[in-house]
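# Reading the structure
What follows is each chain in one-letter form.
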Amino acid sequence: EMAKQGAPDAREMRLRSAPPDQLYQITGILDRMDRDTAGAPIIVDYKTGKPPNVDKYPKATRDRILDEKWLQLRIYAMMLAWERGEQAAELRLVYLGGDGDGAVHTSPCGPDDLERTEREVRQVWVRNPGGVGGGKF
């Protein structure tokens, strides 16, 4: 059943999933999942620190820093797609600390984002098979 407006669909949702080829498995705990008006998942992650101040950096550096902030949420969205067959519509970072008290940053999430995320995770796995699988990663 779809969550009421403002109410989370899930909190501290445990995810454990693998890609279709079962090459690796990922486990994580999603802080919160909301639903948009169409019923699509919104992945929400709470950060205790303040938002990154990226304005002082060149655009390429800013983009890299921000992309790294979204990686965890993109992985959760990928896992949700594998586990439940649902495509997340949006990613949300909520900063609780510092000057960013309550600051919310959002990013759309589409199939291309999940494909890129799976490529990135697979590259890490292939480059570090003993480290990741052996608990050394």
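Residues numbered from 1 in each chain as written. Predicted model: local features only at pLDDT ≥ 70, side-chain atom pairs only at ≥ 80, totals over all residues. Heavy atoms only, no water.

### A few points about the packing of helix H1 (residues 59-84) against helix H2 (residues 111-127)
Packing of H1 against H2 brings their axes to within 9 Å, and their N-to-C directions diverge by 100°. In terms of axis orientation, H1 runs roughly perpendicular to H2. Judged by residue contacts, Asp67, Leu71, Arg74, Ile75, Ala77, Met78, Ala81 and Trp82 of H1 engage Asp113, Leu114, Arg116, Thr117, Glu118, Glu120 and Val121 from H2. Across the contact of H1 with H2, the residue classes break down as eight nonpolar, one polar and six charged. (Axes fitted to C-alpha atoms, helices over the stretch in contact; angles between N-to-C directions. Helix = DSSP H or I, 4+ residues; strand = E, 2+ residues; numbered from the N terminus. Parallel < 35°, antiparallel > 145°, perpendicular 65-115°, else oblique. Contact = heavy atoms within 4.5 Å. Nonpolar A, V, L, I, M, F, W, Y, C, P; charged D, E, K, R; others polar.)

### Observations regarding H2
Taking 1.5 Å as the rise per residue, H2 with 17 residues should run 24 Å; its terminal C-alpha atoms sit 24 Å apart, in good agreement. Three or more residues of H2 are buried, namely Leu114, Thr117 and Val121. Seen along its axis, H2 keeps its buried residues to an arc of 65°; they face one direction. H2 presents Asp112, Val126 and Arg127 as exposed residues on the side facing more than 90 degrees away from its buried surface. On its buried face, H2 is in contact with strand E2 (26-35) and H1. (Expected span 1.5 Å × (residues − 1). Buried < 20%, exposed > 50% of the residue type's maximum accessible area, 1.4 Å probe, protein only. Arc of directions from axis to C-beta.)

### Details of the nonpolar core
In a soluble, globular protein the nonpolar side chains are often hidden away together inside. Core analysis: the biggest nonpolar cluster contains 23 residues, and Met13, Leu15, Ile26, Leu30, Ile43, Ala77 and Leu91 have the highest contact counts within it. Put simply, the parts of the chain that give this core at least two residues each are strand E1 (10-17), E2, H1, strand E4 (90-95) and H2. Per-element tally for this core: the top contributor is H1, with eight residues. Aside from chain neighbours lying at most four places away, what touches leucine 15 is Ile26, Thr27, Gly28, Leu30, Tyr76, Met79, Leu80 and Glu83. (Core = buried A, V, L, I, M, F, W, Y, C linked by side-chain atoms within 4.5 Å.)

### With respect to unusual backbone geometry
The phi dihedral of glutamate 12 is positive, around 45°, even though this residue is not glycine. Positionally, glutamate 12 belongs in strand E1. Notably, glutamine 22 is not glycine yet its phi reads approximately 60°, a positive angle. Here glutamine 22 falls in the exposed class, since its relative accessible area comes to 59%.

### So, the sheet that holds strand E3 (residues 41-47)
Spatially, the five strands line up as an open sheet ordered E1-E2-E3-E4-E5, and their pairing is mixed. Looking along the sheet, the strands with just one partner apiece sit at the ends: E1 and strand E5 (103-108). Geometrically, the sheet is characterised by an average inter-axis angle of 35° between neighbouring strands, direction not taken into account. Note that E1 and E2 share seven bridges and pair antiparallel. Its bridge partner lying in E2, arginine 16 is registered against threonine 27. (Pairing = 2+ DSSP bridges.)

### Observations concerning the confidence of the model for the protein
Counting all residues, the mean pLDDT for the protein is 83, and 86% of those residues have values of 70 or more. Contacts of residues 1-5 to residues separated by more than four positions or lying in other chains number seven contacts, the stretch itself having pLDDT below 50. (pLDDT = per-residue confidence, 0-100.)

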